[in-house]
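# Per-entry structural report
Here is how the chains run, residue by residue.
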Amino acid sequence: GGRDSETMLSFKYAFLNKSSKNSYSGYSFSGYSQSYRDYNWWTDDDGYTRKNTNILIGYTKLQAITNKNDFKGPYYGYDIGLAVKLYDEYLLGLNPSIIGDFLDSKKRNEIGLGVRLEVGYSMGEVLVSSKMGIDLIGNSDLIFIDEMDDLDDHIEFSINVSYKF
């Protein structure tokens, strides 16, 4: 089989307070939405389009690495919190029905733990970063991975450009 025509758009909305001269902390709503087409080469099935949105609702921390007086230059950060995959595509996560789908167990997978690690460079108001994340989601809203073979289905990687205001 195969997959083609994949599109993915990541988003993050954070409400952060300056916790020291060179760090921020607070809460965030982040994730990505994607759609792709799955098909089988060995059957006459011409495929079907899958859509989903992965969401992380949690705590965020950003810390400058070298600059001790301001949040500029290289930095690292992390997000940790509740992770869930919704079985529909919500571009930029902006849709009121996302709340209803989160609460409806038929429109989402189980709820688990999500962690995102971020390394980037702050130029004041503009931040450029790369982010790697993992969602630990099991059966019946428990936090675990069924098998280590499933681990690659739970890891994400993205490159981001952000604006701080």
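Coordinates for the structure precede this section.
The paragraphs below set out a description of the structure included in this document. (Residues numbered from 1 in each chain as written. Predicted model: local features only at pLDDT ≥ 70, side-chain atom pairs only at ≥ 80, totals over all residues. Heavy atoms only, no water.)

## Some remarks on the pattern of salt bridges
Any two side chains of opposite charge can pair if their charged atoms end up close together. All chains considered together, the criterion is met by five salt bridges. Residue Glu 118 is joined to Lys 131 by a salt bridge in which the shortest nitrogen-to-oxygen separation is 3.6 Å. Of the two residues, Glu 118 is situated in strand S5 (residues 112-122) and Lys 131 in strand S6 (residues 126-136); the sequence distance between them amounts to 13 residues. For the pair shown, Glu 118 and Lys 131 are each scored as buried. (Salt bridge = Lys/Arg side-chain N within 4 Å of Asp/Glu carboxyl O. Helix = DSSP H or I, 4+ residues; strand = E, 2+ residues; numbered from the N terminus. Buried < 20%, exposed > 50% of the residue type's maximum accessible area, 1.4 Å probe, protein only.)

## Observations concerning the packing of aromatic side chains
Using the criterion set out here, one finds seven aromatic pairs in the structure. Ring geometry for Tyr 27 against Tyr 59: centres 6.2 Å apart, planes inclined by 75 degrees, an arrangement best described as edge-to-face. Taken as a pair, Tyr 27 in strand S2 (residues 23-39) and Tyr 59 in strand S3 (residues 48-64) lie far apart in primary sequence, 32 residues in all. By relative accessible area, Tyr 27 is classed as exposed at 58%. For Tyr 59, a relative accessible area of 31% gives the class partly exposed. Here the aromatic cluster, defined as three or more aromatic residues joined through ring pairs, consists of Phe 11, Tyr 13 and Phe 29. (Phe/Tyr/Trp six-rings, centres within 6.5 Å; stacked < 30°, edge-to-face > 60°.)

## Things to note about the environment of Ser 30
In this fold, Ser 30 is placed in strand S2. Sequence separation between Ser 30 and Lys 12 is 18 residues, and the spatial gap between their C-alpha atoms is 4.0 Å. Dropping the residues within four chain positions of it, Ser 30 is found in contact with Phe 11, Lys 12, Asn 54, Ile 55, Leu 56 and Asp 79. (Contact = heavy atoms within 4.5 Å.)

## Structural notes on the environment of Phe 157
Assignment of secondary structure puts Phe 157 in strand S7 (residues 155-163). Sequence spacing of Phe 157 and Arg 116 is 41 residues, and the spatial spacing of their C-alpha atoms is 9.2 Å. Sequence-distant contacts of Phe 157, defined by excluding residues within four places in its chain, comprise Ser 130, Lys 131 and Met 132.

## Things to note about the environment of Lys 12
Note that Lys 12 resides in strand S1 (residues 2-20). When its relative accessible area of 29% is taken as the criterion, Lys 12 is described as partly exposed. On a C-alpha basis, the gap between Lys 12 and Ile 55 in space is 9.5 Å, while along the polypeptide they are 43 residues apart. Leaving out residues up to four positions away in the same chain, Lys 12 has contacts with Ser 28, Phe 29, Ser 30, Thr 60, Asp 79, Glu 118 and Lys 131.

## Considerations on the pairing of S6
Alternating positions in S6 separate cleanly, Leu 127, Ser 129, Lys 131, Gly 133 and Asp 135 being buried on one face and Val 126, Val 128, Ser 130, Met 132, Ile 134 and Leu 136 remaining unburied on the opposite face. Bridging between S5 and S6 involves 10 bridges; their strand directions are antiparallel. The partner of Gly 114 across the bridge, within S6, is Asp 135. Connecting S5 to the antiparallel partner S6 that follows it, the hairpin turn spans three residues, and Gly 124 within it adopts a positive phi of roughly 95 degrees. (Pairing = 2+ DSSP bridges.)

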